[in-house]
Each structure stands twice: as C-alpha cells, then as structure tokens.
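A structural walkthrough
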Amino acid sequence: MTHPEPSSATDQLADSITVHVNLAERSYDILIASDSLSCVAPTAESWYMQRFPSKDGQRSALVVTDRNVANHAETVLSSLVDAGWKAELEQLEPGETTKSLDVISRLYDCLVAMKADRKTAVIAVGGGVIGDSAGFLAATYGRGVPFIQVPTTLLADVDSSVGGKVGINHPAAKNLIGAFYQPLGVCIDTSVLTTLPERDYLSGMAEVVKYGVILDADFFGYLEQNIAGLKSRDPGVLRHIIARSCQLKADVVEQDEYERTGLRAVLNYGHTFAHAFEALAGYGELLHGEAVSIGMLYASRLAEKRGLIDADVTARQRTLIESLGMISRLPPGSDFTADAILDKMKLDKKTVAGQLRFVLPTQMGHVETFGDVPESDVRAVLAELA
Ligand code: GLY
C-alpha cells in the first residue's frame, strides 16, 4: 500500500492558503484551496504523519455526510480509496434533527462494524450539522479518534468548522451535549461553494462581514471593494475571505480555547438580537446568518445610541450588507413585540443574572462587551428599526 506524499497532490493545491491554528499539541492546519476535494487523501496523510510519525498499518476512515452533498463525499471517498485507505461512507438526513444521540449511536455501530481503532479517522463532509455531529462522534469514540473536517457551506468554512466546539442537541436545548475537540485538520474547497444555494451563501457571508466589524477594519474595506467578486463567488476572492475569516477566528480561539476568559464573546456580535429573532421566527424560517446580518445592524444602532460610534459605522455595514444582496431587515410579517424579543434575550446564555450583555462596536474593526445597557435603549432601537 502506498501513502502518496502531499507534494504529489499538486497543481490543485497550487493557490492554496494554509491557516495554522496554534493550540499546543492540539494545533492543526486549515487548508483553503479550490478544486481540492480529490486531494483529501494526500492532505490527510500529511496531517497523520505530523501527528503520528510511525506509519503502521492501513489507514481507515468513516466519511460522514448528508444527502445534499453526497456527491462531494463520494469524491472524498474515492480520493481515500484510490490512495489505499479502507473507507466507508455514512449518509445522514440533512437538518438539525440529525444532531441527536440516536444518530450518534448509529454511527458508533458503523465504527464498531468496521473495527475502527484509535487511528481511524472520522471525516465530516457537510455543513455545521454534519461537522458538529461527526466531531462529537470523533471526540467520544474510543476516547477520541482523528477528526477531519471538509466543510461544504460558507458558514461552516468560516465559523462552525473552526473553534473545536462539537456537539448534538438535547430536546431541551440546542448543542447541550458536546465537547471541545480540535480536528486533525480542516480541508476547505471553495469550488464546492459554486453550487451552494444563494440564500445559504449569503447567510454564511454575514459571519464574514462580522469578522471585519469586530476585528479587522482593513478586511471590512476589502469586502467593500470586492462586491463583484463576492457576488460571483470568484475563487481567488473566496480563498482570501475564507482564509482571513478563519485566521481571525483562530486568533480568538487560541486565546480562549475553552470559552473561559470571555474573549470568545466578541464572536457573538449581532448574535443577541439574532438568537431572539431566530427563536421568534421559528428555527429554519430565518437562517442563522440572515438573523445575524439583521442583528448586527440593530447592535450597531444600539452602539450609536450609547455614544460609542458615529452613524457612519452602521451605515457602512448596511451598505455592504445590502450591496451583497443580504437581508438587512426583518421579513414582512415578523411583528415581534419588544417584550417578546427582550424575553428571548434574557434566556440567552450570554445573559448574566438577568442583565443584558451586548457586544458592541467602539470603532470599525473593534468591539467590546457591555453588561450595563439600559433596557430602554434596547427598546428604543427595536421601535426605531421595526
Ligand atoms: N465549532 C464552532 C466553534 O467552536 O466555535
């Protein structure tokens, strides 16, 4: 059996960008390339050789995917099988209900049936639901097996596949059962995004815009100057924005891997409003990123009201969001009352002792957490933007 070296894999990776996530012995690479799905095997091989230098026995993997992206998972599977891996594919139902103990239990059975050992990789090919479930599987089977993410949505590329939080839902709450478990590596292929539905693509773009506002004014400027490339999903523009977003999230995660210092909270910009809107609209009605793009504009307006920023900072966000074709206001018919929105916000896990906490910009490219925002200011913003 041969294990091809990464260098034999080539031209497809010629324009790739690697983001290194520095987490001591849990450090890993995020490889961002175009047309790279058929290179997953040599890429995974190079990661294995770094983590487990002795090359003993046959490589094996369980590829976990959902029906919507099974074609991409087949490409990954072929790459592995052609390189001599013993690999199997398990296809799950798309959607949030897949993040359940029943599904995980079935996946444990698959690993047992294929006689998986501690070096058997779990490879997630899909969006956040698949990454979170397969990551939880990898974190718990045999007390942890190598986990490789191959995200297939923009949201998963820039958000859910970076950070190490994996998990499943409990009927009482989303993501209640989970772990911090860093992957062996993340392999992002921008060409997969060419077939992503527009609504999902723009939903992922909300998190990209968020990184500019919270951490990098120059990056926000890059987005403003590359509307056409962003809309046409230009591979070079995509590689750049995905790599920069991953780097910015990685910088935060490196400083607060286990969500203990509060630093990770900056990533929640727009999310206090967004979670309330999502919950009131009914999950799935308003996509997460849609709620985030609207939520950022509410949070920014709140920052203006608190005297933290000039109106120009909000105006730039609104112009960028609207120029990209993203949703900037709640859909018609979303007549949520301020009381209902505030009630949902108070249930949010970021709320401490009933006190509303908001991540607000103090300038373009910088945010801070505020635990002293008067409810009257929130009500005023809700009334104004309703
Ligand atoms: N998996 C997403 C995060 O850790 O933030």
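Everything below is about the structure printed above this text.
Now for a look at the structure at hand. Everything quoted here is computed from the prediction, not taken from an experiment.

1. What to know about the site of the ligand
Close contacts around the ligand come from Asp159, Ser160, Val162, Gly163, Gly164, Lys165, Lys249 and Arg264, and that covers them all. At 2.8 Å from an oxygen atom of the ligand is found a main-chain nitrogen or oxygen belonging to Lys165. Within the side chain of Lys249, an N or O atom sits 2.7 Å from an oxygen atom of the ligand. Across the complex, the protein chains shield 88% of the 200 Å² of accessible surface that the ligand would expose by itself. Within the shell around the ligand, the residues separate by chemical class into 1 nonpolar, 3 polar and 4 charged.

2. Regarding the sheet that holds strand S5 (residues 121–126)
Within the open sheet, the 7 strands sit side by side as S1-S2-S9-S6-S5-S3-S4. Their pairing is mixed. With one partner strand each, in any of the chains shown, strand S1 (17–21) and strand S4 (86–92) form the two edges of the open sheet. Each neighbouring strand pair of the sheet contributes to a mean axis angle of 15°, computed without reference to strand direction. In the packing of helix H1 (residues 40–51) onto the sheet, the strands contacted are strand S2 (28–33), strand S3 (60–66), S5, strand S6 (147–151) and strand S9 (185–189), and the crossing angle to S9 comes to about 160°. Sheet contacts for helix H2 (residues 70–82): S3, S4, S5 and S6; angle to S4, the most-contacted strand, approximately 170°.

3. Remarks on the nonpolar core
Counting residues in each nonpolar core, the largest one holds 75 residues, and the members touching the most others are Ile30, Ile241, Ile242, Phe273 and Val378. Contacts of Ile241, omitting those with residues within four sequence positions, involve Met205, Val208, Phe219, Tyr222, Leu223 and Leu230. One finds Leu31, Cys39, Tyr48 and Val150 within the second-largest nonpolar core, a separate group that totals 27 residues.

4. Details of H2
Taking 1.5 Å as the rise per residue, H2 with 13 residues should run 18 Å; its terminal C-alpha atoms sit 18 Å apart, in good agreement. Within H2 the residues assigned to the buried category are Ala70, His72, Ala73, Val76, Leu77, Ser79 and Leu80. Those residues of H2 hidden inside the fold are in contact with H1, S3, S4, S5 and S6. Backbone geometry just after H2 places Gly84 at a positive phi near 95°.

5. Thoughts on the environment of Val63
Inspection of the secondary structure puts Val63 in strand S3. Accessibility expressed as a relative area gives 0% for Val63, which makes it buried. Expressed as a C-alpha distance, the spacing of Val63 and Thr18, which sit 45 residues apart in the sequence, is 23 Å. Residues contacting Val63, with those up to four places away along its chain left out, are Ala73, Leu77, Leu80, Glu88, Leu89, Glu90, Ile123 and Val125.

Rules of the game
Residues numbered from 1 in each chain as written. Predicted model: local features only at pLDDT ≥ 70, side-chain atom pairs only at ≥ 80, totals over all residues. Heavy atoms only, no water. Near = heavy atom within 4 Å. Polar contact = N/O pair within 3.5 Å; in protein donor to acceptor, adjacent residues only side chain to side chain. Areas by Shrake-Rupley, 256 points an atom, 1.4 Å probe, with all protein chains shown as cover. Nonpolar A, V, L, I, M, F, W, Y, C, P; charged D, E, K, R; others polar. Pairing = 2+ DSSP bridges. Helix = DSSP H or I, 4+ residues; strand = E, 2+ residues; numbered from the N terminus. Axes fitted to C-alpha atoms, helices over the stretch in contact; angles between N-to-C directions. Contact = heavy atoms within 4.5 Å. Core = buried A, V, L, I, M, F, W, Y, C linked by side-chain atoms within 4.5 Å. Buried < 20%, exposed > 50% of the residue type's maximum accessible area, 1.4 Å probe, protein only. Expected span 1.5 Å × (residues − 1).

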